[in-house]
Amino acid sequence: MLAWEFVESAPLKGGGYMELMRRGKEMVIRVEGRELMGTHVHGSEDALADIACDYLRDDAPELNISMLIGGLGIGFTLAAALRRVGPASRVVVAELMEAVGRWNRGPLGEAAGHPLEDERALLVIDDVANLIRQPVEPYDTILLDVDNGPHGITQESNNWLYSPMGLKASFDALRPGGVLGVWSAADDRNFSRRLERAGFLVKVHQVRARGAKGGPKHTIWMARR
Ligand SMILES: C[S@@+](CC[C@H](N)C(=O)[O-])C[C@H]1O[C@@H](n2cnc3c(N)ncnc32)[C@H](O)[C@@H]1O
């Protein structure tokens with residue numbers, strides 16, 4: 001068994017480090033020693049974009065849509081979105097860490113097929129909360145995969161995103177009929193209730209970590225304005 005090798009690290013704003021590690025062809029991003037995302041398991045990250053597109057295609061069959069993704073990670077959700085959306089779409093990806101953008105243009109890029117090179121994709125190095133608070137235009141969908149669920153682990157201030165105020169801001173940033181998608185490693189009934197209280201129609205999807213190959217169940221909330 002190969003050992004994990006350290007590749008690079010970057011300081012987090014609230015303290016601590018994000019690290020990029022490699023083991024043979026596999027790479028992972030860790031926060032404070034906890035795996036945030038790896039190159040070899042991405043069925044549920046793909047599903048986050050796929051399920052949102054399934055919801056939206058009733059209103060916009062050609063899927064020429066405006067999408068905001070919170071968290072680039074290794075780019076799997078972005079790549080899945082780009083496989084589905086139409087040629088006139090704009091997919092903005094907000095990523096907190098400049099280093100993650102750089103890693104995606106370097107050693108991590110191949111894992112998801114270099115989605116940042118697609119001209120419909122725009123990487124913005126910023127907190128996704130800022131793009132929710134100040135949308136340039138209403139989004140058709142906002143997809144959040146910035147922590148391991150509706151609790152801030154990358155930075156404490158991410159808790160705002162899952163709070164009544166943050167959910168109200170996402171609601172307001174969506175066009176009527178638009179969809180907020182949230183990825184989580186586990187279900188959380190309190191979060192479903194908070195989404196409903198913010199005015200959303202909520203559906204909880206259980207998806208497998210490795211897609212058709214199975215693996216642990218992850219949770220995706222789809223909350224329609
Ligand atoms: C679990 S990974 C995302 C995985 C991604 N869905 C994929 O398919 O590879 C989480 C990413 O969100 C970023 N992030 C965390 N908090 C953020 C925030 N408030 N705004 C933007 N990006 C954030 C992290 O730096 C990390 O790159």
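Residues numbered from 1 in each chain as written. Predicted model: local features only at pLDDT ≥ 70, side-chain atom pairs only at ≥ 80, totals over all residues. Heavy atoms only, no water.

## Structural notes on the sheet that holds strand 7 (residues 121–125)
- The strand order 7-6-5-8-9-11-10 describes an open sheet built from seven strands, whose pairing is mixed. Here the strands that pair on one side only, and so sit at the sheet edges, are strand 7 and strand 10 (201–208). Strand-to-strand, the axes of this sheet are offset by a mean angle of 20°, without reference to chain direction.
- Strands strand 8 (139–144) and strand 9 (174–184) of the sheet are contacted by helix 5 (residues 164–173), whose axis makes an angle of about 135° with strand 9. (Pairing = 2+ DSSP bridges. Helix = DSSP H or I, 4+ residues; strand = E, 2+ residues; numbered from the N terminus. Axes fitted to C-alpha atoms, helices over the stretch in contact; angles between N-to-C directions. Contact = heavy atoms within 4.5 Å.)

## Let's talk about the pairing of strand 3 (residues 26–31)
- Burial runs high along strand 3: six of the six residues are buried.
- Residues of strand 3 alternate between two faces, with E26, V28 and R30 on one and M27, I29 and V31 on the opposite face, all of them buried.
- In this sheet, strand 3 lies alongside strand 2 (residues 17–23) in antiparallel orientation, the contact comprising six bridges. Residue pairing for strand 3: L20 is matched across the bridge by I29.
- The hairpin turn running from strand 2 into strand 3, its antiparallel successor, is two residues long, and G24 in that turn takes a positive phi close to 60°.
- The pairing of strand 3 with strand 4 (residues 34–38) spans four bridges and is classified as antiparallel. The residue of strand 4 that forms the bridge with I29 is M37.
- Between strand 3 and strand 4, which pair antiparallel one after the other, the connecting turn spans two residues, and E32 there sits at a positive phi close to 50°. (Buried < 20%, exposed > 50% of the residue type's maximum accessible area, 1.4 Å probe, protein only.)

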